[in-house]
Amino acid sequence: MARHLDLRAACEAFVSVAERESFTAGAVGAGVTQSVASRRIAALEKHLGARLFERTSRRVELTEFGRGVLPSAIKLVDAALELSEDAERSHRLPVTLGVPLAHDPAAAAEIAAAGSGRSMNVEFVPGLPHEREAAFGAGRLSLNLEPVAPDRARWAAPLGVGSGGRRGPDGDFYFTELRPPRGIRSVVRLWLAPEDDVPHVRDRLELVRNGAGLAPTQLRPAASLTTAMAAALGGDDLVLCTGAEAAVFGLRWRALGDLRLVRGYALASRERDLASRFLEVAGPRLVELLQSAPVTGISTEARSAQGGTDAD
Amino acid sequence: MQTDRAVIRDAAEVLRSAGLRASIVVRDLGSGRQLSIAADDAYPLASVVKLPLALAVLQAIDDNRLDPAQTMTLRPDVRTPGLVGYCRFQHPTTVAVEDLLYMAVCLSDDTAADALFDLCPPASVTASLRQAGITGITVRHSIRELHRTLASVLPPEQMPQALALAIRASTRGGGHLIPQLDVSSANAGTANACVELLDRIWRSPVLAPQRERLRGLLAMNVMRQRLAPDLESDDAAWHSKTGTFLHLRHEIGVLEHADGRAMAVAVLSESSVPAQRQPAAEQALGLAAKLLHDRVRSAAA
């Protein structure tokens, strides 16, 4: 005991006895027997190298030395209490996951249910790509499903164009189809939903748009997926989307002919350990959540290493 | 009712959606009525500069300072790069001064223009403009200077990068990191000044001696992809000079209607899209010019 002094327990006994000026009452306050309290205080006195109490017949009185160290002992007891409270709170903290606005809520609920069964409280935070990126960078999100280029994607869905009309060519879509004929003022636009308004998609589309001789306005970022879909449903415009989205909104979907584009995701995590624990819990439901397909050929190691450093 | 303002707003929207910053001036040379967008913005003029050059050369010929029949030998090793004309000739060519005018103005031949600049340097071209009362156009260098920009030292496959750099290197107040594109050190002018020049060529007694030859040269312009499709017909003869360089697309000219009305049109533009061939931009320029033209023509009637 003297060799491995439990400083916290000893200080608790010391503070409790000092407050109540009685070994009997002090021991009760510290939740131990009187002999345990006496032994701990003796060990503390030995550790500090001086007596803490004057033991007279009727009452217990602090020595000069005891009065000198009491404030520090109180602080130590308080700090220990805070430490255990914080630990408990941290255990209860939810794992916050940034997800695209357009995700499958049923899959999200299933993942949350699976998490609570394994003492992981998963909270889904939907947002635009740049919002999620900012929240993740600032530490408000512990995990983020971030849009990434195809070569880094763990989950990916091919992008194509959705159109409202039933007419027009089937098969692959080429950008030159949008080139307005001479003398016709109306232009057909391709709308970009916020989830796809990211450099590795937008920049490549702009290159193809310029190469096909289209006007800059023919590629338009939409304020929301709904706006983009409405443009396709209500007019002749097209919207860049996945086949699953086209089906949900009742649009005709065609694959891209000029270039292959995917909506790819990787899991960014502040801690590597958290990412792998989450993947264990979520499992294949993440595919449904993102309405995409898993990308094969990327090793788990490479992914988790990326996930750990992806605060850029 | 359609107002001037509404037409101008419509045309500006057409230009904006094609990714263009543009100035347009349309003037009825009979009534003087004019509509414009950003009329006093200065642009590097590119090949539009060959019109003032032709004016200065014709004046020199008429003052007996130059002999129109004087021949020059153009050697294959001193060609100014370009698309058509003498830069494609593989053997030495002998040509007369007056024929160089045809090549420079109608085919926009850069080698021919530079041969003329050797006889009639930029400073004297500017001097003849000032004499005619045009202050908004300044000629400072020959065509070959243009090709000393980064676009000419880069291989063709890197052209998009050169365009992107040309677009992004624009500095505030019309400045540019490439001197040939900086309106304070390049051949520069405003759409207003271009229309003023056309106006003087068509109507001023001072330029009467050169009028018919300049008008003939502009009528024979072979570059008809920009404004001509929207303006010309059998009843509307289009006399013009184009200018195209990197992200710059210009055309200035006079549309002579069968009823005798003549409309001067100047369109100067720079694109924000890093693509060499931009059919959408060409169409937008044509449409915007036509919108203003139709308004000026109908409202003055």
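Analysis parameters
- Residues numbered from 1 in each chain as written.
- Chains lettered and ligands numbered in written order.
- Predicted model: local features only at pLDDT ≥ 70, side-chain atom pairs only at ≥ 80, totals over all residues.
- Helix = DSSP H or I, 4+ residues; strand = E, 2+ residues; numbered from the N terminus.
- Rg over C-alpha atoms; globule rule 2.2 N^0.38 Å.
- Buried ≥ 20, exposed ≤ 12 C-beta atoms within 10 Å, placed from the backbone.
- Contact = placed C-beta atoms within 7 Å.
- Pairing = 2+ DSSP bridges.
- Axes fitted to C-alpha atoms, helices over the stretch in contact; angles between N-to-C directions.
- Arc of directions from axis to C-beta.
- Core = buried A, V, L, I, M, F, W, Y, C linked by C-beta atoms within 7 Å.
- Parallel < 35°, antiparallel > 145°, perpendicular 65-115°, else oblique.
- Left-handed = near helix turned anticlockwise from the far one by under 90°.
- Nonpolar A, V, L, I, M, F, W, Y, C, P; charged D, E, K, R; others polar.
- Domains from an automatic or database assignment.
- Expected span 1.5 Å × (residues − 1).

Asker: What should I look at first to understand the overall build of chain B in this one?
Answerer: Scanning chain B for helices and strands turns up 12 helices and 10 strands. A globule of 301 residues ought to have a C-alpha radius of gyration of about 19 Å, and chain B, at 19 Å, matches this closely. Based on the C-alpha atoms only, the size of chain B along its principal axes is roughly 60 × 45 × 35 Å. The proportion of buried residues among the 301 residues of chain B is 47%. Considering only contacts within chain B whose residues lie at least 6 apart along the sequence, 69% involve residues at least 24 apart.

Asker: Can you walk me through the sheet that holds strand 9 (residues 248-257) of chain B in this structure?
Answerer: Note: strands within a sheet are paired through backbone hydrogen bonds, in either parallel or antiparallel orientation. All names here are of chain B. As summarised here, the arrangement of the 5 strands in space is 2-1-10-9-8, forming an open sheet in which the pairing is antiparallel. Strand pairing shows two members of the sheet lacking a second neighbour, strand 2 (34-37) and strand 8 (236-245), which therefore form its edges. Within the sheet, the average angular offset between the axes of one strand and its neighbour, ignoring direction, is 10°. Pairing of strand 9 with strand 10 (residues 262-271) involves 9 bridges; the strand directions are antiparallel. Within strand 10, the position partnered with G253 by the bridge is V265. Sitting on the sheet, helix 9 (residues 191-203) is in contact with strand 1 (20-28), strand 2, strand 9 and strand 10, with an inclination near 150° to strand 10. Contacts from helix 10 (residues 208-219) reach strand 8 and strand 9 within the one sheet, and its direction differs from that of strand 8 by about 75°.

Asker: Looking at this structure, I do not really get helix 5 (residues 122-131) of chain B. What am I missing?
Answerer: Given 3.6 residues to a turn, an α-helix orients residues that are three or four positions apart in the same direction. All names here are of chain B. If you check which residues of helix 5 are buried, you get V125, S128 and L129. Angular distribution of buried residues about the axis of helix 5 spans 105°; they occupy a single face of the element. Counted as exposed and oriented over 90 degrees from the buried face of helix 5: A123, R130 and Q131. Packed against the buried residues of helix 5 are helix 2 (50-62) and strand 6 (137-138).

Asker: What is the right way to read the nonpolar core from this model?
Answerer: Considering soluble globular proteins, one finds that nonpolar side chains tend to be buried as a cluster. Counting residues in hydrophobic clusters, the biggest one holds 147 residues, and the most contacted among them are I24, L53, A54, A284 and A288 of chain B. Residue contacts for A54 of chain B: discarding those within four places in its chain leaves L101, A104, V105, L214 and L217 of chain B. Membership of the second largest hydrophobic core comes to 18 residues, among which are A18, F53, V60 and V77 of chain A.

Asker: In this structure, what is going on with the packing of helix 3 (residues 97-106) of chain B against helix 4 (residues 110-119) of chain B? I would like to understand it.
Answerer: Geometry of a packed helix pair, given as the angle between the helix axes and the separation of the axes. Residues and elements named next belong to chain B. Interaxial distance between helix 3 and helix 4 falls to 8 Å at its minimum, and their mutual angle equals 135°. Here helix 3 lies oblique to helix 4, going by the angle between them. As helix 3 packs across helix 4, the resulting crossing turns out to be left-handed. Contacts between helix 3 and helix 4 involve V97, L100, M103 and A104 on the former and, on the latter, A112, A113, A115, L116 and L119. Residue classes in the contact of helix 3 with helix 4 are distributed as 9 nonpolar, no polar and no charged.

Asker: What is the right way to look at the domain arrangement of chain A in this model?
Answerer: By domain assignment, chain A separates into domain 1 (7-91) and domain 2 (94-312). With centres defined by C-alpha atoms, the gap from domain 1 of chain A to domain 2 of chain A works out at 60 Å.

Asker: Would you explain the interface of chain A and chain B in this entry?
Answerer: Interfaces are frequently sized by the accessible area removed from exposure as the parts join. Of the residues lining the interface, 9 residues belong to chain A; the matching set on chain B comes to 13 residues. Its residues assigned to classes, the side of chain A that touches chain B shows 3 nonpolar, 4 polar and 2 charged.

Asker: What should I look at first to understand helix 9 of chain B in this one?
Answerer: With 13 residues, helix 9 of chain B extends 18 Å between its outermost C-alpha atoms, agreeing within 8% with the 18 Å of an ideal straight helix rising 1.5 Å per residue. Those residues of helix 9 of chain B not exposed but buried are A191, N192, A193, C194, V195, E196, L197, L198 and I201 of chain B.

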